[in-house]
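Fold and contact review
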Amino acid sequence: MAGWGVTLAVGCECGAEARQDVGQALRGGELCWDAELYCRACGAGSCLGFGTGEAPPWVRDPLIAQHGTVRLRLIDPAAGRVAVLRTVREAWGLELPQARELAEQLAGDGLAGTLPEAAWLRERLAARGVPAEVATGTGTALSPWGGPR
C-alpha cells in the first residue's frame, strides 16, 4: 500500500487547536483519500470526508506542501504506445489528443503527482505490460491529478 498523510493544526469550534489528519493511499488498486478532525480540549471528532478517485484540493494540497511530488515515467519510452494511450484514456476518460499529450509526458520527464497517484497509474500500466518507474522530484508539466487537463 502506498500512502501519504499529513497532520494539520486547525481551529476547533470550542476555540482550542484541533488536529486535522488528511491522507491519500492506494488500497486494492483504488486511489483513496480521507480526512478526520479531533480536538483534545473538547473531545470533538469527526470524519470530514473520504472517497475514491482524485482527492479534493483541501486534501491533496497539504500533502504536496508537506511531501512534494514524485514523477511517474515510462522505463522504455518506446514500449507499449497503444497500451499507454489506452491506459491514460481509461484512467481519466480523455479524448485522444489529451491522452497523447499525457503519454508523451510519461515517455519524457514524467507525470507529476503524489506517491499514491503515481503508484495507482503505475499499477494500471503494469497490468498492460508497460513498466514505469516512480522518480523523486517534481515534473514541470501539468499533472492530470488535481489540475486542468
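Scroll up to find the structure this text is about.
Note that this is a predicted model, so its numbers are computed, not measured.

**Describing the sheet that holds strand β3 (residues 30–38)**
Strand order in the open sheet formed by four strands is β1-β2-β3-β4, with antiparallel pairing between adjacent strands. The open sheet has two edge strands, β1 (3–11) and β4 (45–52), and neither has a second partner. Strand-to-strand twist across the sheet, computed as the mean angle between neighbouring axes with direction ignored, equals 15 degrees. Looking at chain direction, strand β2 (residues 17–27) and β3 are connected through nine bridges and run antiparallel. Its bridge partner lying in β3, Gly23 is registered against Asp34.

**Regarding the pattern of salt bridges**
Applying the stated criterion across every chain yields a total of five salt bridges. With a shortest N-O distance of 4.0 Å, Arg27 and Asp34 are connected by a salt bridge. Residue Asp34 is classed as partly exposed on the basis of its relative accessible area of 25%. The residue Arg73 makes a salt bridge to Glu133 at a minimum N-O spacing of 3.1 Å. Placement of the pair is Arg73 in strand β5 (residues 70–74) and Glu133 in strand β7 (residues 132–136), with a sequence separation of 60 residues. Its relative accessible area of 33% is what places Glu133 among the partly exposed residues.

**So, the nonpolar core**
Core analysis: the biggest nonpolar cluster contains 31 residues, and Val84, Val88, Trp92, Leu106, Leu121 and Leu125 have the highest contact counts within it. Breaking this core down by element, the ones donating at least two residues are β1, β2, β3, α1 (57–67), β5, α2 (81–92), α3 (96–107) and α4 (115–127).

Reading guide: rules and limits
- Residues numbered from 1 in each chain as written.
- Predicted model: local features only at pLDDT ≥ 70, side-chain atom pairs only at ≥ 80, totals over all residues.
- Heavy atoms only, no water.
- Pairing = 2+ DSSP bridges.
- Helix = DSSP H or I, 4+ residues; strand = E, 2+ residues; numbered from the N terminus.
- Axes fitted to C-alpha atoms, helices over the stretch in contact; angles between N-to-C directions.
- Salt bridge = Lys/Arg side-chain N within 4 Å of Asp/Glu carboxyl O.
- Buried < 20%, exposed > 50% of the residue type's maximum accessible area, 1.4 Å probe, protein only.
- Core = buried A, V, L, I, M, F, W, Y, C linked by side-chain atoms within 4.5 Å.

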